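# Observations on the model geometry
Take a look at the letters that make up each chain.
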Amino acid sequence: MNALTDLFREWIPQQRWFGGKGREWAGVTEDGFFLDRGNPVLSVHRVRIEYADGGRDTYLVPLSWRDQQSEELEHAYIGAVAGEGQESYAYDAMRDRESTAPWLIHLANGSSVGPMHFSPAGEGDIPEGLPGDIVSTEQSNTSLVYGQEAIFKLFRRLEPGLNPDVEVHRALRRTDNEHIAPLLGHVEIDDAAGGEPATVAMLQTFVPNASDGWRLATASVRDLYAEGDLHADEVGGDFAADSERLGAATASVHADMAAVLPTEPAAPEWYATVARQMTERLAAAIEVVPQLREHADGIREVYAAVAGSSEPVVRQRVHGDLHLGQVLRTATGWIILDFEGEPARPLASRRELDSPLRDVAGMLRSFDYAARHMLVEQPEDTQRAYRAQEWAARNRAAYCAGYSEASGLDPCGDSPLLRAFEADKAVYECVYEARNRPHWLMIPLQSLARLAGRD
Ligand SMILES: Nc1ncnc2c1ncn2[C@@H]1O[C@H](COP(=O)(O)OP(=O)(O)O)[C@@H](O)[C@H]1O
Ligand SMILES: O=P(O)(O)O[C@H]1O[C@H](CO)[C@@H](O[C@H]2O[C@H](CO)[C@@H](O)[C@H](O)[C@H]2O)[C@H](O)[C@H]1O
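Bear in mind the structure is a predicted one, so any value in this text is a computation, not a measurement.

Moving on, we get to the nonpolar core. Counting 71 residues, the largest nonpolar core has Leu-292, Ile-299 and Trp-391 as the members making the most contacts within it. No other element matches the nine residues that helix α11 (residues 416-436) contributes to this core. In this structure, this core is formed jointly by two domains, domain 2 (100-205) and domain 3 (211-317 + 353-451), each of which donates at least three residues. If sequence neighbours within four positions are ignored, Trp-391 has contacts with Ala-217, Ser-220, Val-221, Leu-224, Ala-232, Phe-239, Phe-367, Ala-370 and Ala-371. Counting residues in each nonpolar core, the second largest holds 27 residues, with Leu-60, Val-113, Ile-189 and Ala-201 among its members.

Segmentation of the protein into domains returns domain 1 (3-97), domain 2 (100-205) and domain 3 (211-317 + 353-451). Measuring from the centre of the C-alpha atoms in domain 1 to the corresponding centre in domain 3 gives 37 Å.

Moving on to helix α10 (residues 382-407). Side chains three or four residues apart in an α-helix point the same way, a direct result of the helix having 3.6 residues per turn. Here α10 spans 37 Å end to end across 26 residues, near enough to the 38 Å set by a 1.5 Å rise per residue. Turning to α10, the residues buried within the fold contact α4 (213-226), α5 (240-260) and α9 (357-372). The first or second residue beyond α10 is Gly-408, which carries a positive phi of 80°.

Overall, antiparallel pairing links the three strands, which are arranged β13-β16-β17 in an open sheet. The open sheet terminates on both sides in strands that have one partner only, identified here as β13 (211-212) and β17 (334-336). As paired strands, β13 and strand β16 (residues 327-329) are joined by two bridges and run antiparallel to one another. Paired with Ser-211 across the strands is Arg-329, a residue of β16.

Another aspect to go through is the site of ligand 2. In the region of ligand 2, 16 residues are neighbours, and Gln-139, Ser-140, Ser-366, Tyr-428 and Glu-429 sit closest. Between ligand 2 and the protein, one listed contact pairs an oxygen atom with a side-chain N or O atom of Ser-366 at 2.6 Å. Contact between ligand 2 and Glu-429: an oxygen atom at 2.6 Å from a side-chain N or O atom of the residue. With the chains in place, 96% of the 530 Å² that ligand 2 exposes on its own is no longer accessible. Those elements that place two or more of their residues in the shell around ligand 2 are α9 and α11. Residues belonging to the shell around ligand 2 are distributed by class as follows: six nonpolar, five polar and five charged.

Bringing the pairing of strand β2 (residues 41-51) into the picture now. The two faces of a sheet get side chains in turn, since along a regular strand they alternate between them. Among the 11 residues in β2, eight count as buried, and that is most of the element. Hairpin connection from strand β1 (residues 25-36) to β2: four residues lie between these consecutive antiparallel strands. Bridge count between β2 and strand β3 (residues 56-66): 10 bridges; the pairing is antiparallel. Each residue of the ladder has a partner; that of Ile-49, found in β3, is Asp-57. If you look at the hairpin formed by β2 and β3, you'll find four residues sitting between the two strands, and Gly-54 has a positive phi there, around 95°.

Turning our attention to the packing of aromatic side chains. Enumeration over the complete set of coordinates arrives at 15 aromatic pairs. Measuring from centroid to centroid gives 6.3 Å for Tyr-369 and Trp-440, while their planes differ by 55°, and the two rings are tilted. Of this pair, Tyr-369 sits in helix α9 while Trp-440 sits in the loop between α11 and α12 (442-451), and the two are 71 residues apart along the sequence. Like Tyr-369, the residue Trp-440 is buried in the burial classification. Stacked on the ring of Tyr-51, the Lys or Arg Arg-23 has its end atom at 3.8 Å from the ring centre.

Counted under the stated rule, the structure contains 34 salt bridges. Across the pair Asp-297 and Arg-300 runs a salt bridge whose closest N-O atoms are separated by 3.0 Å. Residue Asp-297 and its partner Arg-300 are located together in helix α7 (residues 296-307), separated by three residues, close to a single helical turn. A salt bridge links Asp-368 to Arg-372, with the shortest nitrogen-to-oxygen separation between them at 3.0 Å. With a gap of four residues between them, Asp-368 and Arg-372 both fall in helix α9, about one helical turn apart. We note that Asp-368, like Arg-372, is buried. Residues joined by salt bridges that share partners form a network here, namely Arg-281, Asp-321, Glu-342, Arg-345, Asp-354, Arg-358, Asp-424 and Lys-425.

Calculation criteria
Residues numbered from 1 in each chain as written. Chains lettered and ligands numbered in written order. Predicted model: local features only at pLDDT ≥ 70, side-chain atom pairs only at ≥ 80, totals over all residues. Heavy atoms only, no water. Core = buried A, V, L, I, M, F, W, Y, C linked by side-chain atoms within 4.5 Å. Buried < 20%, exposed > 50% of the residue type's maximum accessible area, 1.4 Å probe, protein only. Helix = DSSP H or I, 4+ residues; strand = E, 2+ residues; numbered from the N terminus. Domains from an automatic or database assignment. Contact = heavy atoms within 4.5 Å. Expected span 1.5 Å × (residues − 1). Pairing = 2+ DSSP bridges. Near = heavy atom within 4 Å. Polar contact = N/O pair within 3.5 Å; in protein donor to acceptor, adjacent residues only side chain to side chain. Areas by Shrake-Rupley, 256 points an atom, 1.4 Å probe, with all protein chains shown as cover. Nonpolar A, V, L, I, M, F, W, Y, C, P; charged D, E, K, R; others polar. Phe/Tyr/Trp six-rings, centres within 6.5 Å; stacked < 30°, edge-to-face > 60°. Lys NZ or Arg CZ within 6 Å of the ring centre and 35° of its normal. Salt bridge = Lys/Arg side-chain N within 4 Å of Asp/Glu carboxyl O.

Have a look at this one:
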């Protein structure tokens, strides 16, 4: 019979949200408590993993329990564990609709259950009583949608401190910004050793009838590829007007973040610090993606230009991982989601003040991705590569124009900082792709060749 930790050892590495793929496990321990003793029973487990490389992570895993195996729940089945006198069958509670209601009930009541504390953001706007359905585009976290009204995001990897997604959305509630989805509540868990609590989850208003930017942008790229003789501005699916509106939405959210959260003019030494941090990240990335070595000198030069720069920068809180998959287009405009920053970075660094150009660079990278991801299958098709370049250039320019019009600041002039942020993001993407989608690694690698001036 399995011990729970044996099940976790087998099951967790296969999960999309697990960020330690490829790392050997040296040990695993868990502690759990019951969040709901109804039928099914819902338990929550903190799973502490020690890696052979000396690193550690703690993941949060909610389980639902049945006395008998259920055919209907086969997709969520994890394994059998010896219980008191009989076996119990463990299921992934986020994929078991019948065990999704307690999260909202506890949030509406502002309960504390064991080490877990539920905090509603306002009065009476939590749709308790509805079951939640898992969002199929599961990424670093796991989300449940409750009846098109609210979306509950479970942060899988626990870190001490308030998650920036909760922190920023909570601050932005005061601004009524029309480009974000309002926060409805959040959940924290105490640290067993008496440290700061970790953020476990957040609940947000669900944005109905929306399409994400990645889907829309890639549909536009497909339209362009289908029309062999036309330019990006001549085909039906031109995306430039949307890119421009997206630029304006980004500027509006940046302005409100600066209004309600701290800001600070960059000190002269900030530029050198940023350049050093990016250089260090490159060195670490080369260990994971040796193909980066070929471009390393050029990239270091791009970073060195920042160290000597005096571009005026007011540092502020930023999104930190802005890309087309993080924005939703509704009938009236764009909504920006997911302010938790790059999931692989330590929380403290994701909460640091930064230049808003960090986000602009993220979105510019995303236009590049949208244009080029269909070249992965046809790397030799130079005509398509040319057209991809044309689409990316048109939409990047439109995004910058929208940002500039809304903020009065052109983010995309000849800026060493912007270029370096693009390179830094592409280095991050190389590591991300090598770990998650190796066949897409060529997308950021080719961009780095261009940014580093070798292509
Ligand atoms: N407020 C919302 N309204 C509608 N859909 C949402 C909302 N928040 C997130 N989503 C959907 O859920 C997906 C994952 O959400 P996201 O916050 O980006 O999680 P992750 O951190 O796992 O990437 C998004 O791509 C989006 O399609
Ligand atoms: O949405 P997440 O917070 O999980 O972000 C991670 O996954 C993204 C992939 O979905 C990754 O984004 C990269 O791929 C996108 C296309 O799928 C592309 O639009 C982005 O520009 C590119 O960076 C993101 O970097 C990662 O943090």
